[in-house]
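Structural characterization, general
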Amino acid sequence: MNLDRNHALALDAADPLRHWRDRFVLPSEGGGAELTYLCGHSLGAQPVLAAEYVEEVMRDWRKLAVDAHFAAAHPWMTYHLRLAPALAGLVGAEPGEVVAMNTLTANLHLMLVSFYRPAGDRTALMIERNAFPSDRYAAESQVRFHGLDPARDLVELAPREGEDCLRTEDVIEAIGRAGPRLATVLLPGVQYLTGQALDVAGITAAARRAGCTVGWDLAHAIGNVPVALHDAGADFAVWCHYKYLNGGPGAVAGAYVHARHARDGALPRFAGWWGNDRASRFRMAPAFEAASGAEGWQLGNPPILALAPVAASLAHFESAGLAALRAKSVALTGYLEVLIDARLAGRVTILTPRDPQARGAQLSLRLECGRDRARAAFDGLRARGFVPDWREPGVIRAAPVPFYNGYDDAWRFVDALDAELRRE
Ligand SMILES: Cc1ncc(COP(=O)(O)O)c(C=O)c1O
């Protein structure tokens, strides 16, 4: 591989998706120079189209007020359905299996209420030891909610001693071993700290063989790597829309429920009026009639203003196509990896798996100079106009996002990191 900057510029010039960068507003320092934004794994950049979609809702509110529920070009009563086909495409589901609602953590609780149902010897909930804290808190509190003890009933998966990522065979073996005790397995599609993409199909199949329910947190997976929830047979999934989905800070989140549960009235759930069947919702009857599919888990009427940027971003995903984005992503992250190996060997360890199929856009970097010097290098990168992020206990995460990053961003990032690590 040619390591010159000119090669990076040539790759950018040949990139068929390069024009998408103009459809995003990338942050700039004090309104001046554009920053090199490598943080789409945390908060995606703003699609230019988002403002237009939000303004449409503002206009409908001004002009139509309550009538906009039915009379708007995109009526508010069914606005969430506008998002469903594209969302379903991204997670490999049928449109009726997905819904945009609430926040990720709230959705996780709603899903666990329905699908983590300890009974008899099957009381355990399996998560990973390095789970994102909110997932851990949700899981642990659900175990307690059932009067159980997390010390016994929260089963944790950890990488092998001296390793950073989980091995699929270890996960499958652990599920098999805990099998008869397991009520539910809850894992991330892409692990937030290492960037590892788990084998959703293989692990889901193992969990189903073990006779338990299985759910996925796709916060770092959706819009990043292809996922096929329906075919895998996963029971439920949750995700947020503010990372690769570019839906804005605290954007309305998403949930998936497999079609086999679509009409299961016996499932316990925490209900609200927006989860009631649309046909009978406004009869205002005391008895709850669950809407079929994921819609039946909605609580209240959705924040339309907050759904609008998600709809704008999804329109971009539909026209660019996840397959094309993923192809660029594999090449771009691979290029970043090659540069790091060539220029920073011995000084930076890549924690993320080397297999492109076992990761998304993000690379997680451990700087081999101790935490404080690593933090100083991170601060130095920020001062030079680069925006990766920092996660304790000393990991720099950088994600070149195929929609709005290019090869020259990767080249300049590695060059700047090299300079920071050479500083005394
Ligand atoms: C893997 C994972 N799970 C859960 C959350 C929490 O999401 P929220 O604050 O939207 O509920 C995040 C947030 O970054 C996350 O990355």
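The text that follows walks through the structure, step by step, so that each part is easy to find. (Residues numbered from 1 in each chain as written. Predicted model: local features only at pLDDT ≥ 70, side-chain atom pairs only at ≥ 80, totals over all residues. Heavy atoms only, no water.)

1. Quick word on the nonpolar core
Note the cut-off: Remark: nonpolar core denotes a set of buried residues (Ala, Val, Leu, Ile, Met, Phe, Trp, Tyr, Cys) joined through side-chain atoms within 4.5 Å. Using a 1.4 Å probe on the protein chains alone, a residue whose accessible area is under 20% of its type maximum counts as buried, one over 50% counts as exposed, and one in between counts as partly exposed. Secondary structure elements follow DSSP: runs of H or I of four or more residues count as helices, runs of E of two or more count as strands, with numbering from the N terminus. Any two residues whose heavy atoms approach within 4.5 Å at even a single point are treated as in contact.
Counting 81 residues, the largest nonpolar core has Y79, I175, W216 and L229 as the members making the most contacts within it. Take this core: its biggest share by element is nine residues, from helix α12 (residues 304-320). Apart from the residues within four sequence positions on either side, I175 is in contact with M126, L182, V185, I203, A206, A207 and A210. With 29 residues, the next largest nonpolar core counts A8, I350, L367 and F413 among its residues.

2. Here we look at the environment of W216
For W216, the location among the structural elements is in strand β8 (residues 213-217). Taking the relative accessible area as the measure of exposure, W216 reaches 0% and is therefore buried. The spatial distance from the C-alpha of W216 to the C-alpha of G189 is 6.1 Å, given a sequence separation of 27 residues.

3. As for the side chain of E97
Our working definition: Neither His nor the chain termini are counted; the positive set is Lys and Arg, and the negative set is Asp and Glu. Within this document, salt bridges are pairs made up of a side-chain nitrogen of Lys or Arg and a carboxyl oxygen of Asp or Glu, the two lying within 4 Å of each other. Polar contact criterion, stated in full: a pair of N or O atoms within 3.5 Å, where within protein one must be able to donate a hydrogen and the other to accept it, and residues adjacent in sequence count only if both atoms are side-chain atoms.
Position of E97 relative to the elements: it lies in the loop between α4 (79-91) and β4 (98-100). Buried charged residue E97 carries no salt bridge. Nearest counter-charge: R260, at 7.1 Å. Looking at E97, its side chain comes within polar contact range of the side chain of H230, at 2.6 Å. Of the polar contacts made by the side chain of E97, one reaches the backbone nitrogen of A259; its length is 2.7 Å.

4. Some points on the packing of α4 against α12
Condition: Structural elements are reduced to axes, namely lines fitted to C-alpha atoms, with helices fitted over the stretch in contact, and the angle between N-to-C directions of any two is expressed from 0 to 180 degrees. Working definition: roughly parallel below 35 degrees, roughly antiparallel above 145 degrees, roughly perpendicular at 65 to 115 degrees, and oblique for all remaining angles. Each crossing is labelled by how the near helix is turned from the far one, with a counterclockwise turn of less than a right angle marking it left-handed and a clockwise turn marking it right-handed.
The geometry of α4 relative to α12 is characterised by a closest axis approach of 9 Å and an angle of 40° between their N-to-C directions. Accordingly, the angle class assigned to the pair α4 and α12 is oblique. Classified by chirality, the crossing of α12 by α4 is left-handed. The residues of α12 that touch α4, namely those facing Y79, H80, R82, L83, A86, L87 and L90, are I304, L307, A308, V310, A311, L314, F317 and E318.

5. What to know about the site of the ligand
What counts here: Any residue with a heavy atom positioned within 4 Å of a molecule or strand is treated as near that molecule or strand. Areas reported here follow the Shrake-Rupley algorithm with a probe of radius 1.4 Å; residue values treat only the protein chains shown as occluding. Cavity and pocket criteria rest on a 1 Å grid covering protein atoms alone: a 1.4 Å probe that fits but cannot get out defines a cavity, protein on both sides within 12 Å along at least 5 of 7 lines defines an open pocket, and an atom within 4 Å of a point defines a lining residue. Pocket or cavity membership: a molecule qualifies when more than half of its atoms sit within 2 Å of the grid points of that site. Under the convention adopted here, Pro, Cys and the residues Ala, Val, Leu, Ile, Met, Phe, Trp and Tyr are nonpolar, Asp, Glu, Lys and Arg are charged, and Gly plus all remaining residues are polar.
Residues in close proximity to the ligand include L104, T105, F132, D135, D217, A219, H220, Y242 and K243, which together make up its full environment. For the ligand, an oxygen atom lies 2.5 Å from a polar atom in the side chain of T105. Contact between the ligand and Y242: an oxygen atom at 2.7 Å from a side-chain N or O atom of the residue. Here the ligand loses 82% of its free accessible area of 400 Å² to cover by the protein chains. Here the ligand is seated within the second largest pocket. Residue composition of the shell around the ligand, grouped by class: four nonpolar, two polar and three charged.

6. Remarks on the layout of surface pockets
Rules: Grid points are joined across faces, edges and corners, and a volume is the space filled by probe spheres set on the points.
When its volume is computed, the largest pocket comes out at roughly 440 Å³. Lining the largest pocket are 23 residues, and of these A197, L198, D199, V200 and Q357 sit closest to its centre. Put simply, the parts of the chain that give the lining of the largest pocket at least two residues each are α8 (168-178) and α9 (200-209). Here the element with the most residues in the lining of the largest pocket is α9; it accounts for three residues. Its boundaries defined by the atoms lining it, the second largest pocket holds a volume of some 320 Å³.

7. Some points on the sheet that holds strand β11 (residues 348-350)
Quick reminder of the rule: When DSSP finds at least two bridges between two strands, those strands are taken to pair.
An order of β11-β12-β15-β14 is seen for the four strands of this open sheet, with the pairing classed as antiparallel. Every interior strand has two partners, whereas the edge strands, β11 and β14 (389-391), have only one. Taken over all neighbouring pairs, the strand axes of this sheet differ in orientation by 35° on average, direction set aside. Those strands touched by helix α14 (residues 371-383) are β12 (363-367), β14 and β15 (395-398), and its axis lies near 160° from that of β14. Against the sheet, helix α15 (residues 407-422) contacts β11, β12 and β15, and its axis sits at roughly 10° relative to β12.

8. Description of the pairing of strand β7 (residues 182-188)
Our working definition: We call a crossover right-handed when, viewed with the strands running away from us, the connection from the first strand over the helix to the second turns clockwise.
Where burial is concerned, most of β7 is hidden: seven out of the seven residues are buried. Where strand β5 (residues 124-128) lies against β7, three bridges are found, and the strand directions are parallel. When the bridges of β7 are listed, A124 appears paired with L182. Summarising the sheet, β7 and β8 pair through five bridges and their orientation is parallel. Looking across to β8, one finds that L186 is bridged to G215. Assessed by its sense of winding, the connection that carries the chain from β7 through α9 to β8 is right-handed.

The analysis is restricted to geometry; functional conclusions fall outside its scope.
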